[in-house]
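Structural overview
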Amino acid sequence: MQDDIAEVLVSAAEIKKRVKEMGAAISRDYAGKDLLVVGILKGAIIFLADLVREITIPLQLDFMAVSSYGAGTTTSGAVRILKDLEVPVEDKHLLIVEDIVDTGLTLKYLLENLKARKPLSVRACTILDKPERRLVDVHVDYSGFSIPDYFVVGYGLDYAQKYRHLPDICVLKPEVYARQK
Ligand code: 5GP
Ligand code: MG
Ligand code: MG
């Protein structure tokens with residue numbers, strides 16, 4: 001596993017510090033509001049678990065699963081809901097929690113889909129952002145780290161469903177992709 005990693009892009013220590021700051025900002029911004037944190041499966045689960053423990057105000061958690069990527073590293077463009085929310089949203093302020101905003105297609109779809117359900121508000125939070133790769137214009141309200149155009153794994157992010165458990169955000173060696181294609 002360690003042999004597959006070319007470089008640590010963001011270390012666990014850096015992530016921890018940043019997530020603490022993000023939790024503090026969210027706690028301030030949503031004080032006194034009915035907050036529903038919407039985690040996007042599966043990539044966001046590690047970030048979500050860390051983030052909500054840095055939020056000091058009451059909140060509810062729910063999940064959505066969407067698919068936009070296959071097993072590889074390029075987007076198909078199409079977004080599909082695989083699992084939907086279980087709680088009503090009309091009386092809630094929604095915060096979408098994503099692992100990474102890349103082309104922006106997934107987040108754009110989620111924002112439009114959730115806004116159509118008439119919640120009190122919808123905002124977006126991501127641990128990683130690749131602004132260079134953006135194909136559509138989306139606003140990210142809380143962003144952990146802006147990174148260059150690398151395909152990264154770890155801290156919830158996978159390659160072919162592997163590497164999600166790595167504590168750091170890493171770039172894999174090119175031969176790993178060649179091997180698993
Ligand atoms: P977007 O719709 O913004 O292009 O990206 C949606 C999804 O693509 C992300 O939530 C994530 O699951 C996947 N993705 C985009 N960039 C990366 C990356 O660098 N590494 C991994 N593992 N997944 C990525
Ligand atoms: Mg995602
Ligand atoms: Mg993936």
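Residues numbered from 1 in each chain as written. Chains lettered and ligands numbered in written order. Predicted model: local features only at pLDDT ≥ 70, side-chain atom pairs only at ≥ 80, totals over all residues. Heavy atoms only, no water.

As recorded in an unreviewed UniProt entry, the chain goes by Hypoxanthine phosphoribosyltransferase and comes from Neomoorella humiferrea. If you open the UniProt record of the chain and go to Subcellular location (unreviewed entry), you find "Cytoplasm". (UniProt positions renumbered as here; feature names shortened; annotations may be inferred.)

The linkage connecting L41 with the following residue, K42, adopts the cis geometry, with an omega of -10°. One can find K42 in the loop between β2 (35-41) and α2 (45-52). In this model, Y155 sits at a positive phi of 50°, which is unusual for a non-glycine residue. With respect to the helices, strands and loops of the structure, Y155 is situated in the loop between β8 (152-153) and β9 (169-172). With phi around 50°, A160 is a residue other than glycine that occupies positive phi space. With respect to the helices and strands, A160 occurs in the loop between β8 and β9. Classification of A160 as partly exposed rests on a relative accessible area of 33%. (Helix = DSSP H or I, 4+ residues; strand = E, 2+ residues; numbered from the N terminus. Buried < 20%, exposed > 50% of the residue type's maximum accessible area, 1.4 Å probe, protein only.)

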